[in-house]
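As a plain string of letters, each chain reads:
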Amino acid sequence: MLLYLNRNTFVGEDGARLADELRAVRSNELAVVMVHENDPERNGCPFAHLFKTTPQDLIADDLYYATA
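Residues numbered from 1 in each chain as written. Predicted model: local features only at pLDDT ≥ 70, side-chain atom pairs only at ≥ 80, totals over all residues. Heavy atoms only, no water.

1. Some thoughts on helix α1 (residues 12-27)
Three or four residues apart is the spacing at which side chains of an α-helix point the same way, because the helix has 3.6 residues per turn.
Consideration 1: For α1, built from 16 residues, the straight-helix expectation of 22 Å at 1.5 Å per residue is met to within 8% by its first-to-last C-alpha distance of 23 Å.
Consideration 2: Along α1, the positions that sit buried rather than exposed are G15, L18, A19, L22 and V25. Around the axis of α1, the buried residues are gathered within 125 degrees of arc, so they sit on the same side. Of the residues in α1, the exposed ones pointing more than 90 degrees away from the buried face are E13 and S27.
Consideration 3: Residues of α1 that are buried in the fold lie against β1 (2-5) and α3 (56-60). (Helix = DSSP H or I, 4+ residues; strand = E, 2+ residues; numbered from the N terminus. Expected span 1.5 Å × (residues − 1). Buried < 20%, exposed > 50% of the residue type's maximum accessible area, 1.4 Å probe, protein only. Arc of directions from axis to C-beta. Contact = heavy atoms within 4.5 Å.)

Laid out in structure tokens, this is it:
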């Protein structure tokens, strides 16, 4: 799954549906590749903003865990 992250990723009803889809993908141990948008003209945001809008269960489940 390709997850495009911007300031609206987990906002509103669409964001809630996306979170449900992401939970299903992760429960099936499928790969998630994330792309973080930085350009404000394309709804980019600082990465820290995503910790405010992402459902807490996904954060606690290490959605944003990075490996080198």
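2. Details of unusual backbone geometry
Consideration 1: Residues other than glycine seldom take positive phi values, yet N43 does so here, at roughly 65 degrees.
Consideration 2: Its relative accessible area of 30% is what places N43 among the partly exposed residues.
Consideration 3: Here D62, not a glycine, exhibits a phi torsion of approximately 65 degrees, which is positive.
Consideration 4: On the secondary structure map, D62 appears in the segment after α3.

3. Concerning the nonpolar core
For soluble globular proteins, nonpolar side chains are generally found buried alongside one another.
Consideration 1: Membership of the largest hydrophobic core is limited to 12 residues, which are L3, L5, F10, L18, A19, L22, C45, L50, L58, I59, L63 and Y64.
Consideration 2: Elements with a minimum of two residues in this core: β1, α1 and α3.
Consideration 3: The greatest single-element share of this core, amounting to three residues, is contributed by α1.
Consideration 4: Those residues within four positions of L5 in sequence are excluded, and the remaining contacts are F10, M34, V35, H36, E37, F47, L50 and Y64. (Core = buried A, V, L, I, M, F, W, Y, C linked by side-chain atoms within 4.5 Å.)

4. Some points on the pairing of strand β2 (residues 33-36)
Consideration 1: Looking at chain direction, β1 and β2 are connected through four bridges and run parallel. In the strand pairing of β2, Y4 is matched with V35.
Consideration 2: Crossover β1 to β2 through α1 is right-handed. (Pairing = 2+ DSSP bridges. Right-handed = clockwise from strand over helix to strand, strands pointing away.)

5. Some words on the environment of R26
Consideration 1: Among the secondary structure elements, R26 is positioned in helix α1.
Consideration 2: Since its relative accessible area comes to 23%, R26 is described here as partly exposed.
Consideration 3: For the pair R26 and L63, spaced 37 residues apart in sequence, the C-alpha separation works out to 8.9 Å.
Consideration 4: Beyond its immediate stretch of four places on either side in the chain, R26 contacts V32, D61, D62 and L63.

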